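A structural walkthrough
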Amino acid sequence: MPRPVKCRKVCHFPNVLEFLPADDTEKKTPIVLTVDEYETIRLMDKNGYSQEQCAVSMQIARTTVQRIYEIARKKIADALIDGHPLRIEGGDFRICDGQSSNCSLGGCYEQELYQKYAVEKGEGIMRIAVTYEDGQIFQHFGHTETFKIYDVEEGKVVHSEIVDTNGSGHGALAGVLNALNADVLICGGIGGGAQTALAAAGIKLFGGVSGDADKAVEAFINNTLDYNPDVKCSHHEHSHGEEHTCGEHGCGSHSCH
């Protein structure tokens, strides 16, 4: 029996999920880079982490990091040199929720949020997050600077609070919402990468909503919220099929245990 694959912690879900050659006259098979492979590239090549630091951040062995990184570099080289589309999807990963004491080697904002919001909400509490600015639903998820969170019990808002995203953007915001223990997100526009990240974190999305944030939450509670279930991602992003979600239990051939 194969050894169970350990989930790799991902702190930043990719913003863009597909890269296409400018000259696509010769259609080639896409090369698939998994989300955990992407994370090793982000941490080591962009952030300058060592293999040891990357292993700590992703909560896996250094030898595993080395193997994942080598595979990722080879895939990127093949895509660049041979002109293949590069698609990011699948893998054995989980979105960071800030629970780890060594999360991002210290200074992790998700960890600060998790410590504050770690108290169990209780079975009867639903936590709704709304992209928020001056009382309105902010229309660009990836650039939102604040969320307003609402705790709802028995059809009534029992608590609300405005939370700063601390400069987090795009792919990192799913981790912020995960650390906040959010169950639902109400927002305006949102790209395909963020949609997939939210699905990976188990957060239900209600996109394409505008107007007053408090009224939108009231409408949601009353099942009258006007939202767009097919809110579109940008043309730069790859969208999964309607029934396909990535992340928590992996999209690859393995499941995380």
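If you're wondering where the values come from, they're calculated on a predicted model, not measured in any experiment.

For any pair of aromatic rings, the description rests on two quantities: the centre-to-centre distance and the angle between the ring planes. The full count for this structure, using the stated rule, is four aromatic pairs. Measuring from ring centre to ring centre gives 6.1 Å for Phe13 and Phe93, while their planes differ by 50°; the resulting arrangement is tilted. Placement of the pair is Phe13 in the loop between strand 1 (8-10) and strand 2 (18-19) and Phe93 in strand 5 (residues 93-95), with a sequence separation of 80 residues. Accessibility assignment for this pair places Phe13 and Phe93 in one class, buried. Three or more aromatic residues link up through ring pairs in this structure, and these residues are Phe206, Phe220 and Tyr227.

Its location among the elements puts Phe19 in strand 2. As for Phe19 and His84, which are separated by 65 residues in sequence, their C-alpha atoms are 8.9 Å apart. Among all residues touching Phe19, those that are not within four sequence positions of it are Pro85, Leu86 and Ile88.

Attention now goes to helix 6 (residues 192-200). Counting buried residues in helix 6 gives seven out of nine residues, a clear majority hidden from the surface. Taken as a whole, helix 6 has its buried residues at Gly192, Gly193, Ala194, Thr196, Ala197, Leu198 and Ala200. Lining the buried residues of helix 6 we find strand 5, helix 5 (173-179), strand 10 (184-186) and strand 11 (204-206). Where helix 6 ends, the next residue or the one after it, Gly202, has phi of about 75°, a positive value.

Core analysis: the biggest nonpolar cluster contains 48 residues, and Phe141, Phe147, Leu177, Leu180, Leu185 and Ile190 have the highest contact counts within it. Counting 16 residues, the second-largest nonpolar core is a separate cluster that includes Ile137, Phe206, Val209 and Ala216.

Our next topic: the confidence of the model for the protein. On average, residues of the protein score 82 in pLDDT, and 81% of them reach the 70 mark or higher. Of the regions scoring below 50 in pLDDT, residues 233-257 engages in 59 contacts with residues more than four places distant in sequence or in other chains.

Below, the discussion takes up the sheet that holds strand 3 (residues 31-33). Sheet strands pair via backbone hydrogen bonds, and the direction of the pair is either parallel or antiparallel. With mixed pairing, the three strands of this open sheet are ordered in space as 2-4-3. The open sheet terminates on both sides in strands that have one partner only, identified here as strand 2 and strand 3. Looking at chain direction, strand 3 and strand 4 (residues 86-88) are connected through three bridges and run parallel. Pairing of Ile31 across the sheet is with Leu86, part of strand 4. Across the face of the sheet, helix 1 (residues 35-46) comes into contact with strand 3 and strand 4 while running at roughly 70° to strand 3. Lying on the sheet, helix 3 (residues 62-82) is in contact with strand 3 and strand 4; it crosses strand 3 at an angle near 145°.

The rules behind these values
Residues numbered from 1 in each chain as written. Predicted model: local features only at pLDDT ≥ 70, side-chain atom pairs only at ≥ 80, totals over all residues. Heavy atoms only, no water. Phe/Tyr/Trp six-rings, centres within 6.5 Å; stacked < 30°, edge-to-face > 60°. Helix = DSSP H or I, 4+ residues; strand = E, 2+ residues; numbered from the N terminus. Buried < 20%, exposed > 50% of the residue type's maximum accessible area, 1.4 Å probe, protein only. Contact = heavy atoms within 4.5 Å. Core = buried A, V, L, I, M, F, W, Y, C linked by side-chain atoms within 4.5 Å. pLDDT = per-residue confidence, 0-100. Pairing = 2+ DSSP bridges. Axes fitted to C-alpha atoms, helices over the stretch in contact; angles between N-to-C directions.

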